[in-house]
Structure formats: structure tokens, C-alpha cells
Amino acid sequence: MTETFPAEAPASQDLFDRALAVVPGGVNSPVRAFRAVGGTPRFMVRGEGAYLFDADGRRYLDLICSWGPLVLGHAHPAVIEAVTTAAAKGTSFGAPTPGEVELAEEIVRRTPVDQVRLVNSGTEATMSAIRLARGFTGRPKIIKFAGCYHGHSDGLLAAAGSGVATLAAARTEGDLAGRPDSPGVTPSAAAETIVLPYNDLAAVAAVFAVEGARIAAIITEAAAGNMGVVPPAPGFNAGLAAIAHRHGALLILDEVMTGFRVSKGGWAELSASRGEPIDADLITFGKVMGGGLPAAAFGGRREVMGYLAPAGPVYQAGTLSGNPLASAAGLATLRLCTPEVYGKLDRTAAQLSGLASKALDGAGVAHRLQHAGNMFSIFFTPDEVANYDQARAQHAAAFTAFFQAMLARGVYLPPSAFEAWFVSTAIDDDAIEHFAAALPAAAEAAAAATSVTPEGGGA
Ligand SMILES: Cc1ncc(COP(=O)(O)O)c(C=O)c1O
Ligand SMILES: NCC(=O)CCC(=O)O
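Cut-offs and rules
Residues numbered from 1 in each chain as written. Chains lettered and ligands numbered in written order. Predicted model: local features only at pLDDT ≥ 70, side-chain atom pairs only at ≥ 80, totals over all residues. Heavy atoms only, no water. Pairing = 2+ DSSP bridges. Helix = DSSP H or I, 4+ residues; strand = E, 2+ residues; numbered from the N terminus. 1 Å grid on protein atoms, 1.4 Å probe; cavity = no way out; pocket = protein on both sides within 12 Å on 5 of 7 lines; lining within 4 Å. Points joined across faces, edges and corners; volume = space filled by probe spheres on them. Nonpolar A, V, L, I, M, F, W, Y, C, P; charged D, E, K, R; others polar. Near = heavy atom within 4 Å. Polar contact = N/O pair within 3.5 Å; in protein donor to acceptor, adjacent residues only side chain to side chain. Areas by Shrake-Rupley, 256 points an atom, 1.4 Å probe, with all protein chains shown as cover. Expected span 1.5 Å × (residues − 1). Bend = angle between axes of the 7 residues up to and from the residue. Contact = heavy atoms within 4.5 Å. Axes fitted to C-alpha atoms, helices over the stretch in contact; angles between N-to-C directions. Parallel < 35°, antiparallel > 145°, perpendicular 65-115°, else oblique. Left-handed = near helix turned anticlockwise from the far one by under 90°. Phe/Tyr/Trp six-rings, centres within 6.5 Å; stacked < 30°, edge-to-face > 60°. Buried < 20%, exposed > 50% of the residue type's maximum accessible area, 1.4 Å probe, protein only. Salt bridge = Lys/Arg side-chain N within 4 Å of Asp/Glu carboxyl O. pLDDT = per-residue confidence, 0-100.

**Details of the sheet that holds strand 3 (residues 59-62)**
- What the four strands build is an open sheet, ordered 1-2-3-13; its pairing is mixed. Both outer strands of the open sheet, strand 1 (44-48) and strand 13 (411-412), are each paired with one neighbouring strand and no more.
- Pairing of strand 2 (residues 51-54) with strand 3, which is carried by three bridges, proceeds in the antiparallel orientation. Along strand 3, the bridge assignment pairs F53 with R59.

**What to know about the layout of surface pockets**
- There is about 670 Å³ of room inside the second largest pocket.
- Taken together, 31 residues form the lining of the second largest pocket, with E100, V116, R117, L118 and P310 sitting closest to its centre.
- In the lining of the second largest pocket, the residues fall into 17 nonpolar, 11 polar and three charged.

**Things to note about the site of ligand 1**
- Neighbouring residues of ligand 1: S121, G122, T123, Y149, H150, G151, E221, N226, D254, V256, M257 and K287.
- Within the backbone of G122, a nitrogen or oxygen atom sits 2.9 Å from an oxygen atom of ligand 1.
- Y149 places a main-chain nitrogen or oxygen 3.4 Å from a nitrogen atom of ligand 1.
- Summarising the interface, the protein chains cover 83% of the accessible area of ligand 1, which totals 380 Å² for the free molecule.
- A class-by-class count of the residues in the shell around ligand 1 yields three nonpolar, six polar and three charged.

**Focus on the site of ligand 2**
- Near ligand 2, the surroundings consist of S29, V31, W67, S162, N226, M257, K287 and E419.
- Here an oxygen atom of ligand 2 and a side-chain polar atom of S29 are 2.5 Å apart.
- In this structure, N226 approaches ligand 2 through a side-chain N or O atom, which is 2.5 Å from a nitrogen atom.
- Out of a free accessible area of 280 Å², ligand 2 has 86% covered by protein chains.
- When its residues are assigned to classes, the shell around ligand 2 shows three nonpolar, three polar and two charged.

**With respect to helix 15 (residues 429-452)**
- With 24 residues, helix 15 extends 35 Å from end C-alpha to end C-alpha; this agrees with the ideal 34 Å at 1.5 Å per step.
- Maximal helix bending in helix 15 amounts to about 35°, located at L439; proline P440 follows within four positions.
- Against strand 2, strand 3, helix 12 (339-362), helix 14 (396-408) and strand 13 lie the buried residues of helix 15.

**So, the packing of helix 12 against helix 15**
- Helix 15 packs onto helix 12 with a crossing angle of 30° between their chain directions and a minimal axis gap of 8 Å. For the element pair helix 12 / helix 15, the angle class is roughly parallel. You can see that helix 12 and helix 15 cross each other, and the crossing is right-handed. On helix 15, the residues that touch Q351, L352, L355, A356, A359 and L360 of helix 12 are I432, F435, A436, L439, A443 and A446.

**Topic: the packing of aromatic side chains**
- Considering all chains together, one arrives at 15 aromatic pairs under this definition.
- Between F16 and F43 the ring centres are 6.2 Å apart and the planes differ by 55°, which places this aromatic pair in the tilted class. Placement of F16 in helix 1 (residues 10-22) and of F43 in the loop between helix 1 and strand 1 is noted, with a sequence separation of 27 residues between them.
- Residue class for F16 comes out buried when judged on its relative accessible area of 11%.
- Each ring, one from F380 and one from F402, has its centre 5.8 Å from the other, and the planes form 55°; the classification is tilted.

**Re the pattern of salt bridges**
- Counted under the stated rule, the structure contains nine salt bridges.
- The closest approach of N and O atoms between E269 and K264, which form a salt bridge, is 2.7 Å.
- Residue class for K264 comes out partly exposed when judged on its relative accessible area of 34%.
- One salt-bridge network, in which partners are shared between bridges, spans E106, R109 and R110.

**Considerations on the confidence of the model for the protein**
- Confidence in the prediction of the protein, expressed as mean pLDDT, is 94, and 96% of residues score 70 or more.
- Low pLDDT, under 50, characterises residues 172-178; the stretch is placed with seven contacts to residues that sit more than four places away or in other chains.
- The ipTM for the predicted assembly is 0.99, set against a pTM of 0.95.

Below you can see the structure in the form of C-alpha cells.
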């Protein structure tokens with residue numbers, strides 16, 4: 001028997017009410033707010049292994065993993081030990097430290113980049129990579145893909161995925177034609193961003209044919225995980241590099257989500273191992289490389305990275321960049337991320353996603369299970385999803401019903417149909433059993449929601 005929690009969560013609600021008074025929307029990042037699915041966001045007080053514990057004392061199997069970073073699960077002893085040891089020596093020095101050299105060396109060893117600059121968030125990594133690409137090429141424009149999210153810097157908030165997509169779907173039937181996505185982003189900032197459909201090389205070639213000499217870079221998620229999971233079509237990433245290079249532009253591969261999660265060297269390594277090397281000029285990292293503390297990076301060819309201050313003219317900086325606690329957490333995490341770890345993550349992802357898909361099949365719910373390595377998500381639509389328009393055509397109410405039924409049974413899924421599900425090595429047989437036990441009722445709930453509203457839109 002699976003325990004079922006009541007819909008009300010009084011202790012979380014009290015905290016949320018206090019938060020609403022002093023924090024806009026009650027959260028410090030919109031994706032946490034449950035806007036698309038309704039109900040009280042759960043305030044978490046503790047994490048241990050595969051589980052999170054909320055203020056009401058309820059336990060949840062966590063399939064968000066802090067939105068990707070926690071490949072080893074919560075409070076992994078080696079990571080906690082590394083952080084506490086580092087903290088005892090001081091929290092920040094504003095001077096170079098040995099730990100950040102080791103972290104940079106570890107990243108360079110695992111990935112195709114020659115050099116990296118450490119920053120504090122994925123947003124900073126992509127924003128800085130774009131500035132560097134513009135500085136290096138002397139060109140103004142960038143290409144991004146609809147439904148890809150690269151953080152919240154001005155020029156990248158155009159047809160963005162993740163929370164931007166979630167809120168847009170919740171607000172309207174979802175036409176995102178109005179650019180930029182957010183008030184406060186000036187039309188001139190957004191005007192330098194050309195938005196194209198994901199997985200459409202012909203569209204990229206067509207734009208380069210007209211604008212090629214003014215395009216500094218293409219930025220793409222190595223595998224899209226911010227409109228739900230949409231893997232790149234075979235040849236897409238390599239094709240982007242080829243088109244960009246033909247026109248003297250750069251390819252920025254955003255591995256903030258995929259980096260060190262889908263393999264020890266990220267998507268670049270996985271793709272190369274499948275016979276498609278990606279000749280990226282710059283790669284951005286985040287999430288896993290910080291081990292749950294704020295750390296991110298961007299790196300690339302020595303020639304391009306040499307343009308960065310103080311070696312070169314393109315300015316970029318940060319008071320807490322290369323922070324010793326974050327570097328220690330990241331390094332401890334990466335050092336534990338052996339090939340065996342990736343084997344386990346892949347198997348766990350296959351097991352959980354297979355169980356979910358089977359339960360939905362059993363309840364007669366049309367859906368698509370999509371993978372990019374061990375990241376996956378389920379779209380409530382019978383059709384393949386290869387781009388953002390197709391992702392938005394899913395049956396949002398079916399996702400909501402599924403999400404709420406899983407939450408009530410102690411499974412914490414991303415509270416949006418436009419997000420990837422993440423696994424950790426802490427998920428053991430008991431956790432998988434717990435997940436499986438929650439599924440039949442959730443699949444029935446999704447089936448009921450599907451029969452009420454025939455069309456998607458409006459999460
Ligand atoms: C692919 C990708 N790039 C960039 C970011 C931005 O990272 P951060 O939230 O650390 O600023 C995210 C997630 O947030 C992401 O998934
Ligand atoms: N896929 C969404 C993210 O990773 C972002 C998390 C956040 O903005 O809090």
C-alpha cells in the first residue's frame with residue numbers, strides 16, 4: 001500500500017505565506033512555484049540520498065535532484081566531507097586557490113575544452129560565452145533555438161524554455177510570438193538574437209546565407225532539456241558546427257544540464273562515442289560540476305579563451321568565482337563520477353522511465369517517452385516531439401493530474417511538463433519500488449484528465 005498525503009501541506013503553506021510577503025511570488029526561482037500545476041510548493045528541510053523531506057515531515061523520492069546537479073543524491077558523505085573541510089579553512093579568499101586549479105584541470109581532462117573560466121551560475125557561463133564569441137568574431141548577432149533555455153541574461157530570453165515556457169503556457173494558450181519574453185529586456189537586446197526552430201538545419205543555413213557575416217555564434221543546448229527532453233536529431237549538432245564554421249562564426253554548446261550528467265565528458269563525449277563528434281568552439285558547464293553549490297564554467301579552444309581578460313580584451317569577472325567551497329563540492333562530485341556511476345544512472349533512468357511508460361500504456365494514456373542519455377521526460381501527446389511547437393502541443397492537464405497524483409504518493413517530479421526528470425545513483429531498488437507503487441493511480445489520474453479535455457494548452 002502506498003501512503004497518500006493530503007493535498008494540503010500546512011507547514012509548507014505557512015512558510016509559503018511568509019515567503020509571499022517578502023519574496024516576489026514566494027520563491028527565489030520561478031520554476032519552484034508550482035504555478036503550472038497548482039497547490040502549495042513544498043518547502044524542503046532536508047535531503048538524504050534519493051529522498052527529500054518537507055516541512056510537514058513527508059518524504060519524497062526526488063526526481064528533480066536540484067534541477068540536475070545532484071547525480072550522487074543528497075548529502076553524499078564524500079561531498080559533505082569535502083565542503084566541511086574546505087569551510088573550516090575559510091569561505092572565500094578573493095585570490096586564486098589550489099581547489100579551483102584542480103577543478104579546472106578535471107574539467108579540461110574530461111571534455112574537449114583547452115581552458116575554462118569558472119563562474120557561479122549557468123546564466124553567467126552562457127552570457128560570458130556569448131560576449132566572448134562576439135569579442136572574438138567582432139560580430140553582433142547570435143542564433144538560439146526556440147524552447148532552449150540558457151539562463152536569464154537579456155539576449156537569451158527569447159522563446160526560452162524552462163520557467164519561461166511554463167509560465168507562458170499557464171498564462172495563455174501559448175503564443176510566444178511576442179519577443180522578447182520578458183518586460184525589461186529591451187527590443188534592441190533581443191533584436192541581436194535570431195530564434196530558429198530546434199532540429200532544423202535548413203533554417204539555420206537559410207539565415208546564414210543572408211546574415212552570415214553578422215553572426216557571431218550559434219548557441220544550442222547539447223541536448224534540449226528545457227522544453228521537456230528533446231534530443232538533437234542525428235547530425236544536428238555536428239551540422240551546426242559545420243555551418244557556423246563555413247561562415248566564420250562559432251558554435252557554443254551549452255552543457256550546463258548535460259555536462260558530467262550524461263557521461264563523464266558530457267554530451268560531447270556521448271555524441272563522439274556514437275560517431276558524431278561535435279566541433280564546438282565554446283562549451284558551457286554548470287549544475288553537476290558544482291556538486292550542489294554554485295559553480296559553473298565556460299571553456300573552449302585556447303585561441304578563443306585567450307581573448308578573455310586579463311589575457312585578452314574581453315572583460316569578465318566575479319567576486320566569488322572559483323569559490324573554495326563550490327570548487328571542493330564540484331571536485332568531490334566529479335571524482336566520484338566514474339564510468340560505473342554513468343552505467344548506474346543510465347540503468348536507473350531506463351527502469352524508471354520504462355515503468356512510467358508502461359503504467360501510462362496500461363491506462364490507455366497517449367504519451368511519448370523521450371530520452372537524451374539518462375535525462376528523460378514524458379510528453380502527453382501521441383506524436384514525436386522534435387521542437388518547441390510540438391512540445392507545446394502536449395496535453396498539459398494530463399501532466400498536471402499525473403504530477404499531483406505522484407506528489408501525493410511521495411514522488412517529487414518537476415512541476416512542469418517543460419522540464420527534464422533527473423535521476424541519481426542514490427536511487428536503489430526500494431526507491432524504484434516506491435516509484436512503481438505510485439504509478440497506477442497517477443496513470444489513472446492522467447487518463448481521467450485526458451478524457452475530460454481533448455486538447456492541450458493552458459497547463
Ligand atoms: C541548458 C542550461 N543552460 C543554462 C542554464 C542556466 O543555469 P543557472 O540556472 O545555473 O543560471 C540552465 C538551467 O538553469 C540550463 O538548463
Ligand atoms: N530546467 C530548468 C532549470 O534548470 C532552471 C532551474 C531554475 O531556474 O531554478
